[in-house]
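The lines below spell out each chain.
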Amino acid sequence: MRYGLYAPNFGKTFGDPNKLVELAEIAEQSDWQGFFLWDHILTEEPTYVVDPWIALTAMASKTSKLMLGTSVTPSPRRDPSKLIRETLTLQSFSGGRLILGLGLGIDDEFRWLGHEPNIKIRAKMQEEQLEILSSAWKGEEVNYQGDYYKIEKAQFLPEKATKTDIPIWFGGTWPNKKPFRRAAKWGNGIIPLKVGFEEPLTPDEIQEVKDYTSQFVPKGRKFDIVKVGFTPREKREEQITPLKSYEKAGITWFLETIGDFRGTFQDIVDIIERGPI
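Residues numbered from 1 in each chain as written. Predicted model: local features only at pLDDT ≥ 70, side-chain atom pairs only at ≥ 80, totals over all residues. Heavy atoms only, no water.

**Regarding unusual backbone geometry**
And step 1. A cis amide bond, omega 0 degrees, links Ser71 with the succeeding residue Val72.
And step 2. For Val72, the location among the structural elements is in the loop between β3 (67-70) and β4 (73-74).
And step 3. Looking along the chain, the bond that leaves Leu157 and enters Pro158 is cis, with omega of 0 degrees.
And step 4. Assignment of secondary structure puts Pro158 in the loop between β7 (150-155) and β8 (168-174).
And step 5. Look at Asp31: it is not a glycine, yet its phi comes out positive at around 75 degrees.
And step 6. Mapping Asp31 onto the fold places it in the loop between α1 (17-29) and β2 (34-37).
And step 7. At Lys153, a position not held by glycine, the phi torsion is positive, near 50 degrees.
And step 8. Secondary-structure assignment places Lys153 in strand β7. (Helix = DSSP H or I, 4+ residues; strand = E, 2+ residues; numbered from the N terminus.)

**Observations regarding the pairing of strand β9 (residues 189-194)**
And step 1. Counting buried residues along β9, 5 of its 6 residues qualify, which places the element largely inside the surrounding structure.
And step 2. Pairing of β8 with β9 involves 6 bridges; the strand directions are parallel. Its bridge partner lying in β9, Phe170 is registered against Ile190.
And step 3. Crossover connection from β8 via helix α6 (residues 178-186) to parallel β9: handedness right-handed.
And step 4. With 2 bridges joining them, β9 and strand β10 (residues 224-229) adopt parallel strand pairing. Within β10, the position partnered with Ile190 by the bridge is Ile225. (Buried < 20%, exposed > 50% of the residue type's maximum accessible area, 1.4 Å probe, protein only. Pairing = 2+ DSSP bridges. Right-handed = clockwise from strand over helix to strand, strands pointing away.)

This is how it looks when you write it as structure tokens:
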């Protein structure tokens, strides 16, 4: 199992790009293997917010091994050509360290910004975007006529930006099945959460996720199952056995949630410096 950090792109600490760069440097020095930012433009209560793509590029400039990505980008509020350019640029600049997280977003944020509020339509929009991305990342000329996007004679170079493919992780709420089939068809991983977000999935439920999704993953494709959670500092050692149960059920990454709720900037530094559990 690999270990990463999972952080908002807003708040006193995480809405400051300079602090994010500092935390990324500390994370790499402390043997974390990934650092993933949420992708929001606004929050319900006004606060500092950073653009995740610019922040991740700055973080890439001060690290060399740390995997970087969004968790997750609500792609239906992005033009696919913009997303193509963002991903290819960061993939190139980081030397192939990008993992793209995709989801359908929060209804409120779409409504506030005048974007598509209907999640079923957003799912259809994302399907079209994935068709476009798959061609664009290969360097092929893109000619696409869909219900939501139209592109003519567009070629996006450099293809894939490095020899390393860009993995895609999808967010999904279990037991809704469609996001998991979409992840299996297009992606390299899933970040499963429980419907309602009130409690974590159990190891048995993770096993259900793995058994269901593996039916649709093409043979030979590496596919990650990512658990998001946090380990209280004062009881950290007690989390080892439960995490092993999740690993046995199929988890391949554990992302430690950090945010302003974990305390001051120095408190967060201390959490990161302790390294993975």
